[in-house]
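Report on the structure
Each chain, written out:
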Amino acid sequence: MNLNIKANKNNTFDAIVVGSGMSGGFAAKELTERGLKVLMIERGHEIKHIEGYDTAMKQPWEIEHRGKTTNISAEERWANSRFWGLGSEEVVNHLTNDKENPYIEKRPFDWIRAYHTGGKSMHWGRQSYRWGKHDFEANAKEGVGVDWPIRYEDLEPWYTHVEKFVGVSGQKEGLAVLPDGHFLPPMPMFAPESYFRKVMADRLNRPVTIGRIANLTQPQDIHTSLGRASCQYRNKCQRGCPYGGYYSSLSGSIPAAMRTNRLSILHDSIVAEVIYDEQKKRASGVRIINQNTMKTEEFFAKIIFLNAGSINTAALMLNSKSNRFQNGFGNDSDQVGRNLMDHQLGSGAMASIDGFEDDYVFGQRPNALYIPRFRNWGNDKQTSYLRGFGYQGGASREGWDRGANQDGFGEDFKNNMTKPGPWSIRIGGFGEILPNPNNRIYLDSEKKDKWGIPMIVTDAAFVENDWAMRKDIVASAVEMLETAGFKNVTPYDRPTHMGLGIHDMGTARMGRDPKTSVLNAFNQVHDCKNVFVTDGAAMASSSCVNPSITYMALTARAADFAVKAMKKKEL
Amino acid sequence: MKRRELIKNVALMMGGALSAPTLMAMDNWENALKPQVVGAAFSLTETQRKIVAEIAELIIPKTDTPGAKDVGVPGFIEMMLNDCYKAPEQQSFVEGLTSMERVKFLELNTDERRGVLKLLEQETKKVSGKITPFWRLMKELTLLGYFTSEAGIQSSFEYVQVPGKLENIKINPGQKSYAY
């Protein structure tokens, strides 16, 4: 996948994209398709689509510890495995070794990283929801953080553009709270879920829809031309999909960029610094350190897209100091690294379902139900917290593992475990977290990593608004499952840290005023217009829906703007 | 004397099959469950290995399909405890085995062994705390080892590696679960 970098004698490109994940991949695609020669720089090792998915086709018995995290792995991947159990052999080679890439937790933060081609786009939950109009307006209305410099209408065509390319399956519902998108056919709901949907609509007026997910239910030419095929319903997406059934940079944006013959990718290269040209008053390029050889090198371009992931993007900006930017690149506002947000999760309720014994499912659905936000929406007004949450979850028939929780052993027990068990259901909340300047990352003034780059310190935690919302997430989940008449309704509330949502964002926010924000309405750094930040760092608020397609839509919009501005010699 | 009654019930349930020495040994259950000091490294004696194998086989016996021993569950359990569990669980497991040794588990006949396990299952429900008790570890790991083994999957379920489609279906009488 690497092109010969040496062929480019001056190490000079039209554009540099830092990072190959969800937004970096999309930046590379959009820029190369508009004629730019692009260098994408990935800090981690190379993973090739399909052949790099080393565990994808393994049978259950070929996974030695059968999905459990070993003690060795738990020690090496302490952040990945602390709550998520992301140290299992199925995925362990694709998530970052935390011991080799440590960070400092002033307050605990579960920083989940994937330093390789495609980044976390290889591992994402694929849930793809547009923001609503209210999401862009809430900060201004409530006096929280800063006002978004854009509105839903600015992003709407770019959502469509992204959805078409990515391939999102979903059901149109005509809801203002969760705008419809350009969808492939929806995945089916299971029998008890359809019942649940009906009861919630009839008795609580709360819509329940099937998850909108970036798995191909009916591939179009735009997908098959890249070698992507329909989802095979194995539900082993986290290992990487050899069918290209779900969207990632590896299956989608990088192949699309490569076929323009204008993309070069540099692996194992940590961008340590954005180089600022004091005379020209613009960024001229980046300085990289090869993570294996420790060799440093500089690359140059007319425009630079920072897509390293919100925390690393902020850290890179803070580490890029010059006469002009003594407080860190683009950091006149002192907002770089601040307003770190995520989504809270880990609470909700579960229940057992009587009946539906004749209903079963063939195939494994890599998807869930979605219950859009209903709090502080319409006539609902909560006094104890702002914003709201959505639920994700679903029903399934229990498998053999139910045996551990029930009495018995021996022949009948064994035979019973080979049959589908009763249905059960679980719904868990994803709650919006507000921007808060005290939730932040910064660089340690003394400690450095093995590449000599200052270590990142996380200093963030939930606040009162989050705890009040969390109580309601649990109570409302119980209410809904009880209203549906399900049995043994059991609340759950697993203590978590920020970060666990793996939706870290907000550390270089967009805004209208350079004094209080880092980026303008087209994701340009206010005081250095040839640098764009289009990963999660750009977010001025977090909504409660999964963020990836919003990052991609912002990226595509910024790339389009950048190329047009370059053509008009404005950049 | 709730415990004594429970043991009597177990004895009744098995048609009074428990021998007097076994009953006495089981009467000392409480003592048997007290923490024992174990070394830092987790290892099992040959006798303990045999007990693990016999209990696993009682949980998932050989029928017209393979049993726990056939598919290597005993070795799997030990490997998992070594590789994926920390000292408190390892200790809890060894303590459980020690108490099995005290009731001379290997000298009991099959019905008596089943009686001991039924009692153990009931006793385990009373245990609270963070450390997973012996019976729970034994049962979870036996199920995991068996139902994810090649022979266990192939003989227990309809194994479909690549479903290729997703459909709501009606269940057939006696239908086995799908495994993927």
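A few points on the structure. (Residues numbered from 1 in each chain as written. Chains lettered and ligands numbered in written order. Predicted model: local features only at pLDDT ≥ 70, side-chain atom pairs only at ≥ 80, totals over all residues.)

**Remarks on the overall build of chain A**
Looking only at helices and strands, one finds 12 helices and 21 strands in chain A. Expected size for 571 residues packed as a compact globule is a radius of gyration near 25 Å; at 23 Å, chain A falls within 12% of this value. When burial is assessed residue by residue, chain A has 54% of its 571 residues classed as buried. (Helix = DSSP H or I, 4+ residues; strand = E, 2+ residues; numbered from the N terminus. Rg over C-alpha atoms; globule rule 2.2 N^0.38 Å. Buried ≥ 20, exposed ≤ 12 C-beta atoms within 10 Å, placed from the backbone.)

**Regarding the interface of chain B and chain A**
Across the boundary between the two partners, chain B contributes 37 residues, which contact 38 residues of chain A. Two elements, strand E13 (residues 359-362) of chain A and strand E2 (residues 167-170) of chain B, share 4 bridges in a ladder whose sense is antiparallel. When the bridges of E2(B) are listed, A:Val361 appears paired with B:Asn168. (Contact = placed C-beta atoms within 7 Å. Pairing = 2+ DSSP bridges.)

**Here's the deal with the packing of helix H4 (residues 46-59) of chain B against helix H5 (residues 73-84) of chain B**
Residues and elements named next belong to chain B. One way to put it is that H4 packs onto H5 with a least axis distance of 9 Å and a crossing angle of 120 degrees. With respect to the hand of their crossing, H4 and H5 are arranged in right-handed fashion. Judged by residue contacts, Arg49, Val52, Ala53 and Ala56 of H4 engage Val73, Pro74 and Ile77 from H5. For the contact of H4 with H5, the class distribution of residues is 6 nonpolar, no polar and 1 charged. (Axes fitted to C-alpha atoms, helices over the stretch in contact; angles between N-to-C directions. Left-handed = near helix turned anticlockwise from the far one by under 90°. Nonpolar A, V, L, I, M, F, W, Y, C, P; charged D, E, K, R; others polar.)

**Considerations on the nonpolar core**
Residues A:Ala15, A:Ile16, A:Val38 and A:Ile304 are the most contacted members of the largest nonpolar core, which totals 151 residues. Sequence-distant contacts of A:Val38, that is, excluding residues within four places in its chain, are made with A:Phe13, A:Asp14, A:Ala15, A:Val17, A:Ala28, A:Leu31, A:Thr32, A:Ala257, A:Arg262 and A:Leu263. Residues B:Ile77, B:Phe134, B:Ile153 and B:Ala179 belong to the second largest nonpolar core, which totals 42 residues. (Core = buried A, V, L, I, M, F, W, Y, C linked by C-beta atoms within 7 Å.)

**Some remarks on helix H1 (residues 22-33) of chain A**
Residues and elements named next belong to chain A. Its 12 residues place the ends of H1 17 Å apart at the C-alpha level, agreeing with the 16 Å of an ideal helix rising 1.5 Å per residue. On its buried face, H1 sits against strand E1 (12-18), strand E2 (38-41), helix H8 (249-258), strand E7 (263-266), strand E10 (296-306) and helix H12 (548-567). Positioned one or two residues after H1, Gly35 has a phi angle of 95 degrees, which is positive. (Expected span 1.5 Å × (residues − 1).)

**Focus on the packing of helix H5 (residues 152-166) of chain A against H12(A)**
Residue and element names in this part refer to chain A. One way to put it is that H5 packs onto H12 with a least axis distance of 8 Å and a crossing angle of 110 degrees. Overall, the two elements H5 and H12 adopt an arrangement that is roughly perpendicular. Seen from above, H5 lies across H12 with right-handed handedness. Counting all contacts with H5, which are made through Leu155, Trp158, Tyr159, His161, Val162, Glu163 and Val166, the residues of H12 involved are Ile549, Met552, Ala553, Ala556 and Arg557. Residue classes in the contact of H5 with H12 are distributed as 9 nonpolar, 1 polar and 2 charged. (Parallel < 35°, antiparallel > 145°, perpendicular 65-115°, else oblique.)

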